[in-house]
Amino acid sequence: MRAIGMFLFASLVALLLRSTVLASLATRGIVIDVLVLATVTWSLRQSDAWGATFGFVLGLAADLDASHWIGRHALALTLIGYGVGRLSNTLVRDSPLTQLVLIALATALHQIWVTAFDATGGVQGLPWFAGRVLLATVTTAPIGVLLLLLTRLLRRRGGYGHAPGTSTAG
Amino acid sequence: MASLLPPAERRSVVLVTVYAALSLVLLVVGERIPAAGLRGVGAALFAPFDRVTGAADRLFNSWNENEHLHERVARLEADNARLRLMAAENPHLREQLGLTAWRELPLKPVEVLALGGGEPLPDAATLSAGKNDGVEVGDAVMTSDGLVGRITESWGTLSRATLLTDVNQAIACEVETTGVNGIVRFVAAPRPRLVLSAVAISDTVRVGERVVTSDLSLKFPRGIPVGTVTRVDHDATGLMQEIEITPAARMARLRHAFVAPGPRPPADGVPRPKLEFEPDPLSGARVPAAYDSTGRKVR
(Lines give C-alpha, C1' and ligand atoms only; values in the text may rest on other atoms or scores of the structure.)
Protein backbone atom coordinates (compact mmCIF):
# COMPACT_ATOMS: atom_id res chain seq x y z
CA MET A 1 0.00 0.00 0.00
CA ARG A 2 2.85 2.32 0.94
CA ALA A 3 4.58 1.50 -2.34
CA ILE A 4 1.47 2.42 -4.33
CA GLY A 5 1.21 5.66 -2.38
CA MET A 6 4.83 6.47 -3.18
CA PHE A 7 4.22 5.47 -6.79
CA LEU A 8 1.31 7.90 -7.14
CA PHE A 9 3.11 10.66 -5.23
CA ALA A 10 6.25 10.41 -7.38
CA SER A 11 4.18 10.43 -10.59
CA LEU A 12 2.16 13.43 -9.39
CA VAL A 13 5.26 15.43 -8.45
CA ALA A 14 7.00 14.65 -11.75
CA LEU A 15 3.97 15.62 -13.82
CA LEU A 16 3.34 18.78 -11.79
CA LEU A 17 6.93 19.92 -12.15
CA ARG A 18 6.83 19.20 -15.86
CA SER A 19 3.68 21.25 -16.44
CA THR A 20 4.65 24.25 -14.32
CA VAL A 21 8.22 25.21 -13.40
CA LEU A 22 10.03 23.05 -15.95
CA ALA A 23 7.72 24.09 -18.80
CA SER A 24 8.65 27.73 -18.14
CA LEU A 25 12.34 26.80 -18.09
CA ALA A 26 11.96 24.85 -21.35
CA THR A 27 10.65 27.94 -23.15
CA ARG A 28 13.87 29.67 -22.05
CA GLY A 29 15.89 26.81 -23.55
CA ILE A 30 16.71 24.94 -20.36
CA VAL A 31 15.47 21.38 -20.72
CA ILE A 32 15.32 19.14 -17.68
CA ASP A 33 13.91 15.72 -18.49
CA VAL A 34 11.97 15.13 -15.30
CA LEU A 35 10.20 12.08 -16.75
CA VAL A 36 13.51 10.25 -17.17
CA LEU A 37 14.76 11.52 -13.83
CA ALA A 38 11.72 10.14 -12.01
CA THR A 39 11.78 6.83 -13.91
CA VAL A 40 15.50 6.22 -13.30
CA THR A 41 15.23 7.14 -9.63
CA TRP A 42 12.23 4.88 -9.18
CA SER A 43 13.84 1.99 -11.07
CA LEU A 44 17.01 2.26 -8.98
CA ARG A 45 14.89 2.01 -5.84
CA GLN A 46 12.58 -0.76 -7.05
CA SER A 47 12.73 -3.84 -9.26
CA ASP A 48 12.67 -3.93 -13.07
CA ALA A 49 8.94 -4.77 -13.16
CA TRP A 50 8.12 -1.79 -10.95
CA GLY A 51 10.45 0.40 -13.00
CA ALA A 52 8.73 -0.57 -16.23
CA THR A 53 5.28 -0.04 -14.69
CA PHE A 54 6.26 3.38 -13.37
CA GLY A 55 7.74 4.37 -16.74
CA PHE A 56 4.64 3.19 -18.58
CA VAL A 57 2.18 5.02 -16.31
CA LEU A 58 4.21 8.23 -16.24
CA GLY A 59 4.78 8.10 -19.99
CA LEU A 60 1.13 7.47 -20.70
CA ALA A 61 0.12 10.44 -18.55
CA ALA A 62 2.62 12.64 -20.41
CA ASP A 63 1.36 11.29 -23.74
CA LEU A 64 -2.25 12.06 -22.88
CA ASP A 65 -1.20 15.60 -22.04
CA ALA A 66 0.15 15.98 -25.56
CA SER A 67 -2.14 16.18 -28.54
CA HIS A 68 -0.11 13.95 -30.85
CA TRP A 69 1.85 10.69 -30.82
CA ILE A 70 0.18 9.01 -27.87
CA GLY A 71 2.48 6.18 -26.77
CA ARG A 72 5.88 7.67 -27.59
CA HIS A 73 6.80 8.56 -24.00
CA ALA A 74 5.14 5.43 -22.65
CA LEU A 75 7.23 3.14 -24.86
CA ALA A 76 10.54 4.88 -24.18
CA LEU A 77 10.03 5.19 -20.42
CA THR A 78 8.84 1.57 -20.10
CA LEU A 79 12.07 0.36 -21.68
CA ILE A 80 14.19 2.79 -19.66
CA GLY A 81 12.47 1.76 -16.43
CA TYR A 82 12.96 -1.91 -17.20
CA GLY A 83 16.56 -1.48 -18.33
CA VAL A 84 17.60 0.57 -15.31
CA GLY A 85 15.73 -1.80 -12.99
CA ARG A 86 17.65 -4.74 -14.46
CA LEU A 87 20.98 -2.95 -14.29
CA SER A 88 20.40 -1.85 -10.71
CA ASN A 89 20.80 -5.48 -9.61
CA THR A 90 24.35 -5.56 -10.92
CA LEU A 91 25.57 -1.99 -10.44
CA VAL A 92 26.80 -0.01 -7.46
CA ARG A 93 23.65 2.07 -7.29
CA ASP A 94 24.85 4.36 -4.51
CA SER A 95 27.78 5.54 -6.60
CA PRO A 96 27.16 9.09 -7.93
CA LEU A 97 29.17 8.23 -11.03
CA THR A 98 26.92 5.26 -11.82
CA GLN A 99 23.87 7.44 -11.30
CA LEU A 100 25.33 10.17 -13.50
CA VAL A 101 26.03 7.75 -16.33
CA LEU A 102 22.64 6.06 -16.03
CA ILE A 103 20.68 9.30 -16.01
CA ALA A 104 22.75 10.79 -18.83
CA LEU A 105 22.33 7.69 -20.99
CA ALA A 106 18.60 7.42 -20.30
CA THR A 107 18.05 11.15 -20.97
CA ALA A 108 19.97 11.02 -24.23
CA LEU A 109 18.01 7.97 -25.43
CA HIS A 110 14.67 9.49 -24.41
CA GLN A 111 15.45 12.83 -26.04
CA ILE A 112 16.65 11.20 -29.27
CA TRP A 113 13.50 9.10 -29.44
CA VAL A 114 11.13 12.00 -28.67
CA THR A 115 12.88 14.50 -30.95
CA ALA A 116 12.84 12.01 -33.82
CA PHE A 117 9.07 12.52 -34.06
CA ASP A 118 9.53 16.23 -34.76
CA ALA A 119 12.61 15.88 -36.96
CA THR A 120 11.54 17.19 -40.34
CA GLY A 121 14.50 19.41 -41.10
CA GLY A 122 16.69 16.72 -42.72
CA VAL A 123 20.45 17.07 -42.44
CA GLN A 124 20.11 20.81 -41.74
CA GLY A 125 18.33 19.98 -38.51
CA LEU A 126 21.07 17.75 -37.15
CA PRO A 127 23.05 20.44 -35.26
CA TRP A 128 19.91 21.63 -33.50
CA PHE A 129 18.84 18.02 -32.84
CA ALA A 130 22.24 17.17 -31.35
CA GLY A 131 22.33 20.39 -29.36
CA ARG A 132 18.95 19.72 -27.85
CA VAL A 133 19.86 16.17 -26.80
CA LEU A 134 23.18 17.34 -25.39
CA LEU A 135 21.62 20.23 -23.49
CA ALA A 136 18.97 18.02 -21.92
CA THR A 137 21.60 15.44 -20.99
CA VAL A 138 24.06 17.84 -19.39
CA THR A 139 21.35 19.60 -17.39
CA THR A 140 19.36 16.55 -16.31
CA ALA A 141 22.18 14.22 -15.26
CA PRO A 142 23.95 16.46 -12.67
CA ILE A 143 20.64 17.70 -11.28
CA GLY A 144 19.50 14.10 -10.94
CA VAL A 145 22.64 13.07 -9.09
CA LEU A 146 22.36 16.07 -6.77
CA LEU A 147 18.74 15.26 -6.03
CA LEU A 148 19.59 11.63 -5.29
CA LEU A 149 22.43 12.72 -2.99
CA LEU A 150 20.13 15.16 -1.23
CA THR A 151 17.46 12.49 -0.81
CA ARG A 152 20.03 10.12 0.67
CA LEU A 153 21.29 12.75 3.08
CA LEU A 154 17.76 13.55 4.20
CA ARG A 155 16.92 9.91 4.67
CA ARG A 156 20.32 9.31 6.34
CA ARG A 157 20.50 5.91 4.69
CA GLY A 158 20.71 4.29 1.29
CA GLY A 159 17.39 4.75 -0.46
CA TYR A 160 17.42 1.49 -2.34
CA GLY A 161 15.27 -1.08 -0.67
CA HIS A 162 15.46 -4.26 -2.70
CA ALA A 163 19.18 -5.06 -2.38
CA PRO A 164 22.20 -3.98 -0.35
CA GLY A 165 23.43 -0.50 -1.20
CA THR A 166 26.87 -1.63 -2.30
CA SER A 167 26.20 -4.64 -4.43
CA THR A 168 29.06 -6.00 -6.41
CA ALA A 169 29.46 -5.14 -10.02
CA GLY A 170 28.55 -7.98 -12.30
CA MET B 1 -2.82 -22.48 -11.30
CA ALA B 2 0.12 -20.84 -9.55
CA SER B 3 2.50 -23.34 -11.07
CA LEU B 4 1.49 -22.12 -14.55
CA LEU B 5 2.79 -18.62 -13.80
CA PRO B 6 6.29 -17.94 -15.10
CA PRO B 7 9.10 -17.18 -12.64
CA ALA B 8 9.68 -13.59 -11.49
CA GLU B 9 12.14 -12.69 -14.20
CA ARG B 10 9.99 -14.03 -16.96
CA ARG B 11 7.00 -12.28 -15.44
CA SER B 12 8.73 -8.92 -15.69
CA VAL B 13 9.69 -9.66 -19.31
CA VAL B 14 6.05 -10.47 -20.08
CA LEU B 15 4.99 -7.26 -18.32
CA VAL B 16 7.42 -5.12 -20.32
CA THR B 17 6.34 -6.81 -23.56
CA VAL B 18 2.71 -6.05 -22.79
CA TYR B 19 3.50 -2.39 -21.98
CA ALA B 20 5.63 -2.01 -25.09
CA ALA B 21 2.99 -3.63 -27.30
CA LEU B 22 0.31 -1.39 -25.80
CA SER B 23 2.48 1.70 -26.41
CA LEU B 24 3.06 0.67 -30.03
CA VAL B 25 -0.65 0.12 -30.57
CA LEU B 26 -1.33 3.56 -29.10
CA LEU B 27 1.28 5.10 -31.38
CA VAL B 28 -0.58 3.68 -34.37
CA VAL B 29 -4.21 4.23 -33.35
CA GLY B 30 -3.76 6.88 -30.64
CA GLU B 31 -4.97 9.74 -32.83
CA ARG B 32 -8.37 8.06 -33.13
CA ILE B 33 -8.85 7.74 -29.39
CA PRO B 34 -11.11 10.50 -28.00
CA ALA B 35 -8.52 11.71 -25.50
CA ALA B 36 -10.22 15.07 -24.84
CA GLY B 37 -12.41 13.59 -22.09
CA LEU B 38 -9.42 11.94 -20.42
CA ARG B 39 -7.48 15.21 -20.61
CA GLY B 40 -10.47 16.95 -19.01
CA VAL B 41 -10.42 14.51 -16.10
CA GLY B 42 -6.64 14.95 -15.79
CA ALA B 43 -6.92 18.73 -15.88
CA ALA B 44 -9.61 18.69 -13.18
CA LEU B 45 -7.51 16.37 -10.98
CA PHE B 46 -4.37 18.43 -11.38
CA ALA B 47 -5.98 21.90 -11.23
CA PRO B 48 -5.76 22.31 -7.40
CA PHE B 49 -2.08 21.26 -7.40
CA ASP B 50 -1.37 23.49 -10.40
CA ARG B 51 -2.95 26.43 -8.59
CA VAL B 52 -0.76 25.88 -5.52
CA THR B 53 2.42 25.50 -7.61
CA GLY B 54 1.44 28.49 -9.72
CA ALA B 55 0.80 30.64 -6.65
CA ALA B 56 4.25 29.80 -5.27
CA ASP B 57 5.84 30.60 -8.61
CA ARG B 58 3.98 33.92 -8.85
CA LEU B 59 4.97 34.86 -5.31
CA PHE B 60 8.58 34.15 -6.15
CA ASN B 61 8.48 36.35 -9.26
CA SER B 62 6.11 39.06 -8.03
CA TRP B 63 8.81 41.60 -7.13
CA ASN B 64 10.40 41.65 -10.58
CA GLU B 65 7.07 41.50 -12.29
CA ASN B 66 5.72 44.40 -10.28
CA GLU B 67 8.67 46.56 -11.26
CA HIS B 68 8.24 45.63 -14.89
CA LEU B 69 4.49 46.32 -14.81
CA HIS B 70 4.95 49.76 -13.26
CA GLU B 71 7.30 50.71 -16.05
CA ARG B 72 4.89 49.33 -18.61
CA VAL B 73 1.89 51.17 -17.16
CA ALA B 74 3.77 54.46 -17.36
CA ARG B 75 4.66 53.80 -21.00
CA LEU B 76 1.13 52.73 -21.89
CA GLU B 77 -0.41 55.79 -20.25
CA ALA B 78 1.64 58.03 -22.52
CA ASP B 79 0.63 55.94 -25.54
CA ASN B 80 -2.97 55.98 -24.43
CA ALA B 81 -3.17 59.77 -24.34
CA ARG B 82 -1.91 59.93 -27.94
CA LEU B 83 -4.23 57.13 -29.08
CA ARG B 84 -7.28 58.79 -27.49
CA LEU B 85 -6.82 61.78 -29.80
CA MET B 86 -6.55 59.48 -32.79
CA ALA B 87 -9.54 57.40 -31.66
CA ALA B 88 -11.68 60.54 -31.66
CA GLU B 89 -11.02 61.26 -35.34
CA ASN B 90 -10.88 57.66 -36.53
CA PRO B 91 -14.69 57.00 -36.58
CA HIS B 92 -15.25 60.15 -38.71
CA LEU B 93 -12.59 59.10 -41.20
CA ARG B 94 -13.88 55.51 -41.39
CA GLU B 95 -17.42 56.78 -41.92
CA GLN B 96 -16.24 59.02 -44.77
CA LEU B 97 -14.47 56.05 -46.37
CA GLY B 98 -17.51 53.84 -45.86
CA LEU B 99 -15.60 51.33 -43.77
CA THR B 100 -17.23 49.34 -41.02
CA ALA B 101 -16.57 50.33 -37.45
CA TRP B 102 -14.02 48.37 -35.44
CA ARG B 103 -15.63 45.93 -33.12
CA GLU B 104 -14.10 45.91 -29.67
CA LEU B 105 -13.00 42.52 -28.43
CA PRO B 106 -14.69 41.43 -25.22
CA LEU B 107 -11.79 39.97 -23.25
CA LYS B 108 -12.17 37.42 -20.49
CA PRO B 109 -9.23 37.22 -18.08
CA VAL B 110 -8.06 33.69 -17.27
CA GLU B 111 -5.24 32.11 -15.32
CA VAL B 112 -2.75 29.78 -17.01
CA LEU B 113 -2.69 26.78 -14.68
CA ALA B 114 -0.27 24.51 -16.51
CA LEU B 115 1.73 24.17 -19.67
CA GLY B 116 2.18 20.89 -21.41
CA GLY B 117 2.09 18.85 -24.54
CA GLY B 118 5.15 19.30 -26.70
CA GLU B 119 8.82 18.46 -26.24
CA PRO B 120 10.83 20.46 -25.35
CA LEU B 121 8.62 23.52 -25.84
CA PRO B 122 5.12 23.30 -24.37
CA ASP B 123 2.44 23.51 -27.06
CA ALA B 124 -0.69 23.53 -24.89
CA ALA B 125 -1.93 25.30 -21.78
CA THR B 126 -4.63 24.54 -19.23
CA LEU B 127 -6.75 27.63 -18.48
CA SER B 128 -8.85 28.38 -15.43
CA ALA B 129 -12.11 29.01 -17.29
CA GLY B 130 -14.32 26.71 -19.32
CA LYS B 131 -17.75 26.31 -20.85
CA ASN B 132 -19.49 27.54 -17.69
CA ASP B 133 -17.63 30.84 -18.09
CA GLY B 134 -18.49 31.19 -21.77
CA VAL B 135 -15.17 29.90 -23.11
CA GLU B 136 -15.79 27.98 -26.33
CA VAL B 137 -13.66 25.95 -28.69
CA GLY B 138 -12.21 28.30 -31.30
CA ASP B 139 -11.82 31.34 -29.04
CA ALA B 140 -8.53 33.20 -29.30
CA VAL B 141 -6.16 33.28 -26.31
CA MET B 142 -3.92 36.31 -25.93
CA THR B 143 -1.90 38.25 -23.43
CA SER B 144 -1.48 42.03 -23.33
CA ASP B 145 1.51 41.50 -25.65
CA GLY B 146 -0.15 39.43 -28.33
CA LEU B 147 -1.63 36.16 -29.52
CA VAL B 148 -0.84 33.01 -27.56
CA GLY B 149 -3.07 30.38 -29.16
CA ARG B 150 -6.57 29.08 -29.49
CA ILE B 151 -9.03 27.12 -27.34
CA THR B 152 -9.21 23.56 -28.64
CA GLU B 153 -10.95 21.82 -25.76
CA SER B 154 -13.41 23.30 -23.28
CA TRP B 155 -14.77 21.55 -20.21
CA GLY B 156 -16.93 22.81 -17.33
CA THR B 157 -14.59 25.08 -15.42
CA LEU B 158 -11.35 24.50 -17.32
CA SER B 159 -10.20 24.63 -20.91
CA ARG B 160 -7.18 23.73 -22.98
CA ALA B 161 -5.53 26.10 -25.41
CA THR B 162 -3.25 25.02 -28.23
CA LEU B 163 -0.34 27.43 -28.33
CA LEU B 164 1.45 29.03 -31.28
CA THR B 165 4.22 26.48 -30.69
CA ASP B 166 2.02 23.62 -31.93
CA VAL B 167 3.25 22.47 -35.33
CA ASN B 168 -0.32 21.88 -36.51
CA GLN B 169 -1.42 25.45 -35.82
CA ALA B 170 -1.71 27.73 -38.89
CA ILE B 171 -2.80 31.35 -38.56
CA ALA B 172 -3.77 33.69 -41.38
CA CYS B 173 -1.80 36.86 -40.73
CA GLU B 174 -0.81 40.10 -42.38
CA VAL B 175 2.05 42.52 -42.08
CA GLU B 176 0.56 45.47 -40.23
CA THR B 177 1.96 48.32 -42.31
CA THR B 178 1.73 46.84 -45.81
CA GLY B 179 -1.13 44.35 -45.49
CA VAL B 180 0.95 41.56 -47.05
CA ASN B 181 -0.85 38.30 -46.27
CA GLY B 182 0.75 35.05 -45.17
CA ILE B 183 0.36 32.08 -42.87
CA VAL B 184 2.15 31.92 -39.54
CA ARG B 185 3.12 28.45 -38.36
CA PHE B 186 5.58 26.96 -35.92
CA VAL B 187 8.48 25.05 -37.41
CA ALA B 188 10.24 22.63 -35.05
CA ALA B 189 13.25 21.79 -37.22
CA PRO B 190 16.01 22.54 -38.07
CA ARG B 191 15.42 24.83 -35.07
CA PRO B 192 12.19 25.90 -33.41
CA ARG B 193 10.80 29.20 -34.70
CA LEU B 194 7.68 30.99 -35.92
CA VAL B 195 7.59 31.46 -39.68
CA LEU B 196 5.37 33.62 -41.88
CA SER B 197 5.05 31.53 -45.03
CA ALA B 198 3.13 31.72 -48.32
CA VAL B 199 4.33 35.25 -48.97
CA ALA B 200 5.05 35.92 -52.64
CA ILE B 201 8.63 36.85 -53.50
CA SER B 202 7.39 40.12 -55.04
CA ASP B 203 5.94 41.35 -51.74
CA THR B 204 8.12 43.64 -49.69
CA VAL B 205 8.52 42.74 -46.03
CA ARG B 206 11.12 44.39 -43.83
CA VAL B 207 12.76 43.36 -40.60
CA GLY B 208 11.09 45.03 -37.62
CA GLU B 209 7.60 45.15 -39.09
CA ARG B 210 4.75 43.83 -36.96
CA VAL B 211 2.65 40.84 -37.98
CA VAL B 212 -0.99 40.75 -36.86
CA THR B 213 -3.92 38.38 -37.39
CA SER B 214 -5.62 38.93 -40.70
CA ASP B 215 -9.24 39.61 -41.50
CA LEU B 216 -9.07 36.54 -43.74
CA SER B 217 -8.67 34.30 -40.70
CA LEU B 218 -11.60 32.03 -40.00
CA LYS B 219 -10.37 31.40 -36.47
CA PHE B 220 -9.01 34.64 -35.03
CA PRO B 221 -10.32 38.18 -34.74
CA ARG B 222 -8.44 40.74 -36.82
CA GLY B 223 -5.55 42.85 -35.58
CA ILE B 224 -4.15 40.79 -32.70
CA PRO B 225 -0.33 41.17 -32.66
CA VAL B 226 1.42 37.89 -33.42
CA GLY B 227 5.05 38.92 -33.67
CA THR B 228 7.77 41.03 -35.24
CA VAL B 229 9.74 40.19 -38.36
CA THR B 230 13.34 39.31 -37.46
CA ARG B 231 14.63 37.69 -40.65
CA VAL B 232 13.52 37.60 -44.30
CA ASP B 233 14.67 34.76 -46.53
CA HIS B 234 13.57 32.68 -49.52
CA ASP B 235 11.99 29.28 -48.98
CA ALA B 236 13.44 26.07 -50.40
CA THR B 237 11.65 26.50 -53.74
CA GLY B 238 12.92 30.06 -54.16
CA LEU B 239 9.42 31.13 -55.23
CA MET B 240 8.11 32.31 -51.88
CA GLN B 241 9.53 34.12 -48.90
CA GLU B 242 10.20 32.52 -45.56
CA ILE B 243 9.92 35.17 -42.90
CA GLU B 244 11.01 34.45 -39.36
CA ILE B 245 9.12 36.24 -36.62
CA THR B 246 9.62 36.66 -32.90
CA PRO B 247 6.39 36.05 -30.98
CA ALA B 248 4.81 39.15 -29.46
CA ALA B 249 3.60 37.26 -26.40
CA ARG B 250 6.26 36.15 -23.96
CA MET B 251 5.69 32.41 -24.02
CA ALA B 252 8.11 31.83 -21.13
CA ARG B 253 5.99 33.94 -18.83
CA LEU B 254 2.48 32.70 -19.34
CA ARG B 255 0.63 33.19 -16.09
CA HIS B 256 -2.37 35.24 -17.07
CA ALA B 257 -4.10 35.52 -20.41
CA PHE B 258 -7.32 36.75 -22.00
CA VAL B 259 -9.83 34.78 -24.02
CA ALA B 260 -11.43 36.64 -26.92
CA PRO B 261 -14.38 35.03 -28.67
CA GLY B 262 -13.45 33.77 -32.09
CA PRO B 263 -15.84 33.60 -35.04
CA ARG B 264 -18.57 31.09 -34.19
CA PRO B 265 -19.22 28.38 -36.81
CA PRO B 266 -22.33 28.96 -38.94
CA ALA B 267 -25.45 26.91 -38.33
CA ASP B 268 -24.76 24.64 -41.30
CA GLY B 269 -21.25 23.93 -39.98
CA VAL B 270 -19.56 25.06 -43.20
CA PRO B 271 -16.96 27.77 -42.50
CA ARG B 272 -16.73 30.60 -45.00
CA PRO B 273 -14.65 33.80 -45.14
CA LYS B 274 -16.22 37.08 -44.16
CA LEU B 275 -17.24 39.49 -46.93
CA GLU B 276 -14.88 42.40 -47.25
CA PHE B 277 -17.48 45.02 -46.35
CA GLU B 278 -19.83 42.98 -44.25
CA PRO B 279 -21.84 45.40 -42.11
CA ASP B 280 -21.27 45.12 -38.42
CA PRO B 281 -24.65 44.51 -36.79
CA LEU B 282 -23.37 45.90 -33.50
CA SER B 283 -22.32 49.25 -34.87
CA GLY B 284 -24.93 49.66 -37.61
CA ALA B 285 -22.28 50.81 -40.08
CA ARG B 286 -23.50 51.15 -43.65
CA VAL B 287 -22.36 49.01 -46.56
CA PRO B 288 -20.21 51.12 -48.89
CA ALA B 289 -21.64 51.87 -52.27
CA ALA B 290 -20.06 50.31 -55.37
CA TYR B 291 -19.59 52.24 -58.60
CA ASP B 292 -19.18 51.13 -62.21
CA SER B 293 -16.60 52.51 -64.66
CA THR B 294 -18.80 55.49 -65.57
CA GLY B 295 -19.08 56.49 -61.96
CA ARG B 296 -22.73 55.42 -61.48
CA LYS B 297 -23.78 53.74 -58.28
CA VAL B 298 -24.57 50.05 -58.90
CA ARG B 299 -25.89 49.06 -55.45
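Conventions and cut-offs
Residues numbered from 1 in each chain as written. Chains lettered and ligands numbered in written order. Predicted model: local features only at pLDDT ≥ 70, side-chain atom pairs only at ≥ 80, totals over all residues. Helix = DSSP H or I, 4+ residues; strand = E, 2+ residues; numbered from the N terminus. Buried ≥ 20, exposed ≤ 12 C-beta atoms within 10 Å, placed from the backbone. Contact = placed C-beta atoms within 7 Å. Axes fitted to C-alpha atoms, helices over the stretch in contact; angles between N-to-C directions. Parallel < 35°, antiparallel > 145°, perpendicular 65-115°, else oblique. Left-handed = near helix turned anticlockwise from the far one by under 90°. Nonpolar A, V, L, I, M, F, W, Y, C, P; charged D, E, K, R; others polar. Domains from an automatic or database assignment. Pairing = 2+ DSSP bridges. Core = buried A, V, L, I, M, F, W, Y, C linked by C-beta atoms within 7 Å. Expected span 1.5 Å × (residues − 1).

Draft legend 1. Structural detail: the overall build of chain B. Helices and strands together make up the secondary structure of chain B, namely 2 helices and 12 strands. Along chain B, helices and strands appear, N-terminal first, in the series α-α-β-β-β-β-β-β-β-β-β-β-β-β. Taking all 299 residues of chain B together, 29% fall into the buried category.

Draft legend 2. Summary view of the overall build of chain A. Helix and strand counts for chain A stand at 7 helices and 0 strands. When the helices and strands of chain A are read in sequence order from the N terminus, they spell out α-α-α-α-α-α-α. Counting over 170 residues, chain A shows a buried share of 49%. Within chain A, counting contacts between residues at least 6 apart in sequence, those at least 24 apart form 69% of the total.

Draft legend 3. Seen up close, the packing of helix α5 (residues 72–87) of chain A against helix α6 (residues 96–116) of chain A. Residue and element names in this part refer to chain A. Across the interface, α5 lies against α6 with an axial gap of 10 Å and an inter-helix angle of 160 degrees. By the angle between their axes, α5 is roughly antiparallel relative to α6. Seen along the crossing, α5 lies across α6 with a hand that is right-handed. Two secondary-structure elements touch here, α5 through R72, H73, A76, I80 and V84 and α6 through L102, A106, L109, H110, W113 and V114. For the contact of α5 with α6, the class distribution of residues is 8 nonpolar, 2 polar and 1 charged.

Draft legend 4. Spotlight on the domain arrangement of chain B. Residues and elements named next belong to chain B. Along its sequence, chain B is carved into domain 1 (36–163) and domain 2 (170–248). Spacing between the C-alpha centres of domain 1 and domain 2 amounts to 21 Å. Facing the 9 residues of domain 1 at the interface are 11 residues of domain 2. Elements with a contribution of two residues or more to the side of domain 1 that touches domain 2: β3 (140–142) and β4 (147–154). Tallied by class, the residues present in the side of domain 1 that touches domain 2 amount to 5 nonpolar, 2 polar and 2 charged.

Draft legend 5. Spatial organisation of the interface of chain A and chain B. Listed per partner, the contact involves 37 residues of chain A and 39 residues of chain B. Mapped by element, the contributors of at least two residues to the side of chain A that touches chain B are α1 (2–19), α2 (21–27), α4 (48–65), α5 and α7 (126–155) of chain A. Residues that form the side of chain A that touches chain B fall into these classes: 20 nonpolar, 11 polar and 6 charged.

Draft legend 6. Examining the sheet that holds β4(B) more closely. Ordered in space as β1-β2-β5-β4-β3-β12 (chain B), the 6 strands form a closed barrel in which the pairing is antiparallel. Ignoring which end each strand starts from, the neighbouring axes of this sheet average 40 degrees apart.

Draft legend 7. Focus on the environment of B:G182. All names here are of chain B. Its location among the elements puts G182 in strand β7 (residues 181–187). On the neighbour-count criterion, G182 (25 C-beta atoms within 10 Å) is buried. Taking the C-alpha atoms as reference, G182 lies 5.2 Å from A198; in sequence the two are 16 residues apart. Residues contacting G182, with those up to four places away along its chain left out, are C173, L196, S197, A198, V199 and I243.

Draft legend 8. Local environment of the pairing of strand β6 (residues 170–175) of chain B. Residues and elements named next belong to chain B. For β6 and β7, the ladder comprises 5 bridges, and the chain directions are antiparallel. Looking across to β7, one finds that E174 is bridged to N181. What sits between the antiparallel neighbours β6 and β7 is a turn of 5 residues, in which G179 has the positive phi angle 75 degrees. As paired strands, β6 and strand β9 (residues 210–213) are joined by 3 bridges and run antiparallel to one another. Each residue of the ladder has a partner; that of E174, found in β9, is V212.

Draft legend 9. Summary view of the sheet that holds β7(B). All names here are of chain B. Around the barrel, which closes on itself, the 6 strands sit in the order β6-β7-β8-β11-β10-β9 with antiparallel pairing between neighbours. Across the sheet, the mean angle from the axis of one strand to that of its neighbour is 45 degrees, orientation sign disregarded. In terms of strand pairing, strand β8 (residues 193–200) meets strand β11 (residues 240–247) through 5 bridges, oriented antiparallel. Residue V195 lies in a different strand from β11, and its bridge partner there is E244.

Draft legend 10. Region of the structure containing the packing of α4(A) against α5(A). All names here are of chain A. Direction vectors running N to C along α4 and α5 enclose 160 degrees, while the axes themselves pass 7 Å from each other. If you check the angle between α4 and α5, you find them roughly antiparallel. Crossing of α4 against α5: the hand is right-handed. Touching D48, W50, G51, A52, F54, G55, F56, L58, G59, L60, A62 and D63 of α4 are R72, H73, A74, A76, L77, T78, I80, G81, Y82, V84, G85 and R86, all from α5. Its residues assigned to classes, the contact of α4 with α5 comprises 13 nonpolar, 7 polar and 4 charged.

Draft legend 11. Quick peek at the nonpolar core. Grouped together as the largest cluster of nonpolar side chains are 95 residues, with contacts concentrated most on A:V40, A:I103, B:A125, B:L127, B:L147, B:V148 and B:V226. For this core, the leading source of residues is α4(A), giving 10 residues. Summarising the domain contributions, this core has at least three residues from each of domain 1 (36–163) and domain 2 (170–248) of chain B. Each residue touching B:L147, except ones within four places of it in the same chain, is listed here: B:A140, B:M142, B:L164, B:T213, B:F220, B:I224, B:P225, B:V226, B:A248 and B:A249.

Draft legend 12. Spatial organisation of unusual backbone geometry. Positive phi outside glycine occurs at B:A198, with the angle close to 60 degrees. Structurally, B:A198 is set in strand β8.

Draft legend 13. Spotlight on α5(A). Over its 16 residues, α5(A) runs 23 Å from end to end, which matches the ideal 22 Å to within 8%, given 1.5 Å per residue. Within α5(A), 15 of the 16 residues are buried, which leaves the element mostly enclosed by the surrounding structure.

Draft legend 14. Structural detail: the pairing of β9(B). The pairing of β9(B) with strand β10 (residues 225–234) of chain B spans 3 bridges and is antiparallel. For B:V212, the partnering residue across the bridge sits in β10(B) and is B:P225.

Draft legend 15. Geometry of helix α3 (residues 34–45) of chain A. All names here are of chain A. Helix length check: α3, at 12 residues, gives a terminal C-alpha distance of 16 Å against a target of 16 Å (1.5 Å per residue), a fit within 8%. Most of α3 is tucked away: 12 of the 12 residues are buried. For α3, the complete set of buried residues consists of V34, L35, V36, L37, A38, T39, V40, T41, W42, S43, L44 and R45. Its buried side turned inward, α3 meets α1, α2, α4, α5, α6 and α7.

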